[in-house]
Amino acid sequence: MQTLDPQTRRPDGALASPATARNTGPILEVLKAHLPARGRVLEIASGAGEHAVAFAGALPGLEWTPSDPSAEARASIAAWAGAAALLNLLAPLALDVLDEATWPGTSVEAVVCINMVHISPWAATEGLMRLAGRTLRRPGGLLVLYGPYREAEVEMAPSNAAFDESLKARDPAWGLRDREAVTAAAKAEGLAFTLRLEMPANNLMLLFRAV
């Protein structure tokens, strides 16, 4: 499981992160404003599962499917889900954006991806866009991205610059992506960039719609 946040393990096996606890509320407010009241949501790179449980619990009209290629992450997701016992939270998928054989064949109203783009190779972002282009309902299906990005017209915050350097030191294929490059990759799969929202701790939420 790719994560940079310190985590603690609960007795039931669920992993907990202070960073996730801090950003859940702000992300949820955006999701409430832009997701449909009902439908299916596919979460990519769900990690430990804290977000999935919080979002499914707060959005009972949506069928929420978490996913992660890591068995450790899926075990944590299952532990969180077992404790929450939410009827609209489905079992986690072993989905890898780099392996199309693992992609679901059903359509969804929304795809949500939090903090993956900068801690994965660029090919993962391209795979994410192909997956969203294939699975989102057209027209109007929503792709939601959250995380830090480079922007040509905005001076990078010192904390983000240091974070970018630390990512590249850990893996040269990682790092903050140019927002325009992400937008172009989305456009190539029929996804139109519709909204940029500033979030706490120098993060952004980027929204795209299937056209």
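Residues numbered from 1 in each chain as written. Predicted model: local features only at pLDDT ≥ 70, side-chain atom pairs only at ≥ 80, totals over all residues. Heavy atoms only, no water.

K.L.:
So what about the overall build of the protein chain? Which residues, and what values?
P.N.:
A tally of helices and strands in the protein chain yields six helices and ten strands. In terms of C-alpha radius of gyration, the protein chain reaches 16 Å, essentially the compact-globule figure of 17 Å for 211 residues. Taken along its principal axes, the extent of the C-alpha atoms in the protein chain is 45 × 40 × 35 Å. Across the protein chain, the fraction of contacts at a sequence separation of at least 24, relative to all contacts at a separation of at least 6, is 72%. As presented, the protein chain carries roughly 9,400 Å² of accessible surface, and 56% of it is formed by carbon and sulfur atoms. (Helix = DSSP H or I, 4+ residues; strand = E, 2+ residues; numbered from the N terminus. Rg over C-alpha atoms; globule rule 2.2 N^0.38 Å. Contact = heavy atoms within 4.5 Å. Areas by Shrake-Rupley, 256 points an atom, 1.4 Å probe, with all protein chains shown as cover.)

K.L.:
Can you tell me about the pattern of salt bridges, naming the residues and giving the values?
P.N.:
Under the counting rule described, the total for this entry stands at ten salt bridges. The salt bridge involving Arg196 is made with Glu151; its shortest N-O contact spans 2.6 Å. Highlighted residues: Arg196 in strand E9 (residues 191–199) and Glu151 in the loop between strand E7 (149–150) and helix H5 (158–170), separated in sequence by 45 residues. Residue Arg196 is classed as partly exposed on the basis of its relative accessible area, which comes to 27%. (Salt bridge = Lys/Arg side-chain N within 4 Å of Asp/Glu carboxyl O. Buried < 20%, exposed > 50% of the residue type's maximum accessible area, 1.4 Å probe, protein only.)

K.L.:
Account for unusual backbone geometry, naming residues and giving values.
P.N.:
Cis geometry is found at the peptide bond from Arg138 to Pro139, where omega equals -10 degrees. Take Pro139: it is sitting in the loop between helix H4 (122–135) and strand E6 (142–147). Notably, Ala85 is not glycine yet its phi reads approximately 50 degrees, a positive angle. At Asn202, a residue that is not glycine, the phi angle is positive and equals roughly 60 degrees. With respect to the helices, strands and loops of the structure, Asn202 is situated in the loop between E9 and strand E10 (203–210). Residue classification places Asn202 among the partly exposed residues on the basis of a relative accessible area of 39%.

Interpretation in functional terms is not warranted from these geometric data alone.
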